[in-house]
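Listed below, chain by chain, are the residues.
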Amino acid sequence: MKKIVILIVPILLFGENYEEIIKKAENSLTLKSASYLQKSANFLYKSEKGKNLPSLDASLKAARLKDTPMMYMHLPLFPITELPMGKKNRFEGEISLKYPLFSGFAISSLIDKAKFKDKEAKLKVKDLKRNLYLKTTYIFSAAASLDFSIQALKEAKKAITLAYKKAKGLYENNLLPLSDLYNIKAKKYEIEAKITETKANKQKLLNTLSYILNSPVNSISFSKNDLKVPKKEKIIKEALKKREDIEALKYALKIDQKDIDLAKSSLYPKVGLIASLKREGDSLKLNGDGYTNADKSYVGASVSMNIFNGFSDKYKIEAAKMKRLSTLYAFKDYTNKVKSDIENAYVELKALKAKLKSAQMETKAKEEYYKLTKGRFENQLADADELSRSIADLAAARAKRGAIESQIFSQKAKILLMGGLERFEKNFR
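Described in the following lines is the structure provided in the data block. (Residues numbered from 1 in each chain as written. Predicted model: local features only at pLDDT ≥ 70, side-chain atom pairs only at ≥ 80, totals over all residues. Heavy atoms only, no water.)

## Overview of the packing of helix α7 (residues 244–264) against helix α8 (residues 312–378)
The N-to-C vectors of α7 and α8 enclose an angle of 170°; their axes lie 8 Å apart at closest approach. Taken as axis vectors, α7 and α8 run roughly antiparallel relative to one another. On α8, the residues touching D245, I246, L249, K250, A252, L253, D256, Q257, D259, I260, A263 and K264 of α7 are K316, I317, A320, K321, K323, R324, T327, L328, F331, Y334, T335 and V338. For the contact of α7 with α8, the per-class residue count stands at twelve nonpolar, three polar and nine charged. (Axes fitted to C-alpha atoms, helices over the stretch in contact; angles between N-to-C directions. Helix = DSSP H or I, 4+ residues; strand = E, 2+ residues; numbered from the N terminus. Parallel < 35°, antiparallel > 145°, perpendicular 65-115°, else oblique. Contact = heavy atoms within 4.5 Å. Nonpolar A, V, L, I, M, F, W, Y, C, P; charged D, E, K, R; others polar.)

Shown next as structure tokens:
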């Protein structure tokens, strides 16, 4: 039993760090669902590729005629003569080979469109993973922030407990009014209640994290190890070149172009070739019926072209062009937003760093003020209310500093993810 405790305690004590948490994203049901959609797109691409190859069909037909096929001969000075031309039983077997020699680029456009959709689907899975990392980072950071609050409140509880013991001693020696003793005791209960509430809020975040990752997360361990963030210009360049959502939009433009090519294919003639091995007969032997030849094999070609269909093809082409223009402007707007978001992210990071310096100085000031107030209280120069406030203010300052530290970590991870999945994952290789 002792061995089991030794194995479990470190996990409960230290929890899972950020790298361990994000690795669990592979278990996400949302990600698994998207990966199967991508596989579906890949199979559809392979299916479309088959249209560019010859098709081989086999058929066997059987029929029983009501009457025997007859030929009527009309000769001068002779009565009409009936001559049989076949038998009631008819069997026909055929193996045909068809090949679309030219489809007006319709088949090649469909194949290319399916290929681009396959690549687009792969990029969407990667972008989903990137957003999953982003969401996980936000929740992890929020949970870490609450951890700092819990730690600060626990320190405050220790301080208020010591203050209560000292106050109780002073009260017992008639050096402190009962109201001050109750004041300190009330503050202790208040801190305990805040600890309970903060722990509950943290557990809610861990439950959400477990749901998103489809894997239990019971505790976390926040490390102050700094993430390396490159210069803003480099992140913007990488984002516009490699980021998964932007790459997916580029393929959306290519898909729209193929829709234009597909619409234009109706303006071209369609040319096809066919070769058939065909036999007929009055039985399944297909050796003829004694009246016509059994072998009806042939080779052939077909050419077809639409001459006029009420301008339908023209409007279809224009509609495809308008759709591509819409996607193009949406793409430009999206890339502009990405650049703006990255620039704002760096501005926010700079502001957070400035806030951290302020919070660090504030914490030092609150620590010194608490020490001063504690000494004054012990020498009966400060009342219980002032001491309680100094303890609460110190706890709030420590929690604030910890929250900003976790926000800075989250902001750096966000910036890396804004550069793309590859940029982010480099930090954990």
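That shown, we press on.
## So, α8
For α8, spanning 67 residues, the distance from its first C-alpha to its last is 93 Å, which sits close to the expected 99 Å at 1.5 Å a residue. Immediately beyond the C-terminal end of α8, within one or two residues, lies Q380, with a positive phi of roughly 65°. (Expected span 1.5 Å × (residues − 1).)

## Some words on the packing of aromatic side chains
Scanning the entire structure with this criterion turns up 13 aromatic pairs. Residues F140 and F409 carry aromatic rings whose centres are separated by 6.4 Å and whose planes lie at 50° to one another, so their mutual orientation is tilted. Residue F140 is found in helix α4 (residues 106–172), and its partner F409 is found in helix α9 (residues 384–418); the two are separated by 269 residues along the sequence. Summarising the burial analysis for this pair, F140 and F409 share the class buried. Measuring from ring centre to ring centre gives 5.4 Å for F308 and F311, while their planes differ by 90°; the resulting arrangement is edge-to-face. (Phe/Tyr/Trp six-rings, centres within 6.5 Å; stacked < 30°, edge-to-face > 60°. Buried < 20%, exposed > 50% of the residue type's maximum accessible area, 1.4 Å probe, protein only.)

## Thoughts on the side chain of T198
With respect to the secondary-structure elements, T198 resides in helix α5 (residues 178–213). In this structure T198 touches L146, S149, I150 and L153, once residues within four positions along its chain are discounted.

## Considering the sheet that holds strand β1 (residues 55–64)
One open sheet holds the four strands; their spatial order is β1-β4-β5-β6, and the pairing between them is antiparallel. Here the strands that pair on one side only, and so sit at the sheet edges, are β1 and β6 (298–304). Looking at each pair of strands side by side, their axes are set apart by 25° on average, direction ignored. As judged from the eleven bridges shared by strand β4 (residues 89–102) and strand β5 (residues 270–281), these two strands associate in the antiparallel manner. (Pairing = 2+ DSSP bridges.)

## Topic: the packing of α8 against α9
Close contact between α8 and α9 brings their axes to 8 Å; oriented N to C, the two are set at 160°. With respect to their mutual orientation, α8 and α9 come out roughly antiparallel. For the pair α8 and α9, the crossing hand works out as left-handed. Grouping the constituent residues of the contact of α8 with α9 by class yields 19 nonpolar, six polar and 16 charged. (Left-handed = near helix turned anticlockwise from the far one by under 90°.)

## Digging into the pairing of β1
With zero of ten residues buried, β1 lies mostly on the surface of the structure. By the bridge criterion, ten bridges tie β1 to β4 in an arrangement that is antiparallel. Across the sheet, A58 pairs through a bridge with I95, a residue of β4.

## Points about the pattern of salt bridges
The final tally for this structure, using the stated rule, is 32 salt bridges. E48 is the salt-bridge partner of K51, the closest N and O atoms lying 3.2 Å from each other. Given the relative accessible area of 41%, K51 is considered partly exposed. One salt bridge connects E190 with K187, and the closest N-O pair in it is separated by 3.4 Å. In this pair, E190 and K187 are both assigned in helix α5, three residues apart and thus about one turn of the helix distant. Overall, E190 belongs to the partly exposed group, its relative accessible area being 36%. You can call K187 buried: its relative accessible area is 16%. What you see here is one network of salt bridges that share partners, running through D127, R130, R243 and D245. (Salt bridge = Lys/Arg side-chain N within 4 Å of Asp/Glu carboxyl O.)

## Considering unusual backbone geometry
In the Ramachandran plot, N174 falls in the positive-phi region, its phi being about 60° despite a non-glycine side chain. With respect to the helices, strands and loops of the structure, N174 is situated in the loop between α4 and α5. On the accessibility criterion, N174 (72% relative accessible area) is exposed. Positive phi outside glycine occurs at Q380, with the angle close to 65°.

## Points about the environment of K337
Structurally, K337 can be placed in helix α8. Residue class for K337 comes out partly exposed when judged on its relative accessible area of 49%. When the C-alpha atoms of K337 and K232 are compared, they prove to be 15 Å apart, with 105 residues separating the residues in sequence.

## Some thoughts on the nonpolar core
Core analysis: the biggest nonpolar cluster contains 25 residues, and I220 and F424 have the highest contact counts within it. Elements supplying a minimum of two residues to this core: α2 (18–23), α4, α5, α9 and α10 (421–425). In terms of residue count, α4 provides more of this core than any other element does, seven residues in total. One finds A163, L170, I191 and A395 within the second-largest nonpolar core, a separate group that totals 22 residues. (Core = buried A, V, L, I, M, F, W, Y, C linked by side-chain atoms within 4.5 Å.)

What is shown is where atoms sit, not what they do.
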